[in-house]
Amino acid sequence: MTTDSDDARREGYDVGSILADEDQVAACARANMAALVAELVERGCEEPWAGLEDGEADDEWPDCLQFSFECPPGYEGDVVMPGVPLEVVKAAAEDGSWAVVHNGVPYAWDALVEELSAFDAARRTIWENRDRLVAELARRGLALRDEDVHSDPDASGDSWVTHRLTLDAREVRVSIPDGAVGPGLSQEMYVEGYPYVWEAAVEAAVKALTPTSS
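Residues numbered from 1 in each chain as written. Predicted model: local features only at pLDDT ≥ 70, side-chain atom pairs only at ≥ 80, totals over all residues. Heavy atoms only, no water.

Draft legend 1. Layout of unusual backbone geometry. We note that Asp 63 has phi near 65°; this positive angle belongs to a residue other than glycine. Mapped onto the elements of the fold, Asp 63 is located in strand S2 (residues 61-70). A residue is classified by how much of its surface remains accessible, and Asp 63, at 30% relative accessible area, is partly exposed. A positive phi angle, near 50°, is found at Glu 192, a position not held by glycine. Within the secondary structure, Glu 192 sits in the loop between strand S9 (189-191) and strand S10 (194-196). (Helix = DSSP H or I, 4+ residues; strand = E, 2+ residues; numbered from the N terminus. Buried < 20%, exposed > 50% of the residue type's maximum accessible area, 1.4 Å probe, protein only.)

Draft legend 2. Structural view of the environment of Ala 93. Relative to the helices and strands, Ala 93 is located in the loop between helix H4 (86-91) and strand S4 (100-102). For the pair Ala 93 and Pro 106, spaced 13 residues apart in sequence, the C-alpha to C-alpha distance is 9.0 Å.

Draft legend 3. Region of interest: the pattern of salt bridges. Taken as a whole and assessed by the stated rule, the structure comprises 12 salt bridges. A salt bridge links Glu 203 to Arg 140; the shortest N-O distance between them is 2.6 Å. Residue Glu 203 is located in helix H6 (residues 198-209), and its partner Arg 140 is located in the loop between helix H5 (109-139) and strand S6 (149-151); the two are separated by 63 residues in the primary sequence. Residue classification places Glu 203 among the partly exposed residues on the basis of a relative accessible area of 45%. For Arg 170, the salt bridge is made with Asp 168, and the minimal N-O distance between the two is 3.3 Å. Residue Asp 168 is classed as exposed on the basis of its relative accessible area, which comes to 71%. Where salt bridges share partners, they join Glu 136, Arg 139, Arg 140 and Glu 203 into one cluster. (Salt bridge = Lys/Arg side-chain N within 4 Å of Asp/Glu carboxyl O.)

Draft legend 4. Representation of the environment of Gly 104 within the structure. Looking at where Gly 104 falls in the secondary structure, it is placed in the loop between S4 and strand S5 (105-107). Overall, the relative accessible area of 51% leaves Gly 104 in the exposed class. As for Gly 104 and Gly 77, which are separated by 27 residues in sequence, their C-alpha atoms are 9.4 Å apart.

Draft legend 5. Molecular detail of H6. Helix length check: H6, at 12 residues, gives a terminal C-alpha distance of 17 Å against a target of 16 Å (1.5 Å per residue), a fit within 8%. Taken together, the buried positions of H6 are occupied by Trp 198, Ala 201, Val 202, Ala 204, Ala 205, Val 206 and Leu 209. In this structure, the buried residues of H6 make contact with H5, strand S7 (160-167), strand S8 (170-177), S9 and S10. (Expected span 1.5 Å × (residues − 1). Contact = heavy atoms within 4.5 Å.)

Draft legend 6. Geometry of the sheet that holds S4. Read across the sheet, 5 strands follow the order S1-S2-S3-S4-S5 without closing on themselves; strand pairing throughout is antiparallel. The sheet is open, and its two edges are formed by strand S1 (56-58) and S5, each paired on a single side. Each strand of the sheet is rotated relative to its neighbour by a mean of 35°, with strand direction disregarded. As defined by bridge partners, S2 adjoins strand S3 (residues 76-82) across 7 bridges and the pair is classed as antiparallel. Pairing of Phe 69 across the sheet is with Gly 77, part of S3. (Pairing = 2+ DSSP bridges. Axes fitted to C-alpha atoms, helices over the stretch in contact; angles between N-to-C directions.)

What follows is the structure, encoded as structure tokens:
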């Protein structure tokens, strides 16, 4: 059985001397985070994270830096990155000393890359669904500006994002999933809490945003 310390020695690093120097710990953690973002971008992920180079030390996570981010805006998360060389982090198991922690859950490096890649793909599908819905409403004469479409993090879940669509004084809430929606597809959206497939969802949104005749 090997440990993270064994892996570190095999890689030729004196982890103890690194951990004795706060500047080295911070430099390693920031370099590791840059490597993580680069790997995600190489896999086709967008780069929505802001301020990741500004990781902060936290007594809860010794020998690490905590990097907070919003992905997408309004959805906060964090990555706790160990301040040891990248090769040591990549060799660590999810239950090892140098696992990377994402939103409180420890991951081996490859598993974290898979998790964040899947998250990115799901969010991009949601935005594509949102844009498809907004375009269809515009085709029906209900043109929404960017400022008329608001995501609502507090009313959203792991697999959908609720949006508030406003037009003049009218508003409708649509929960948009991370599965593709569109003509002929069976994936449901929720409009004001009720499930509809594409055609019915569009009709419900149109009805909610159209002035009633007196």
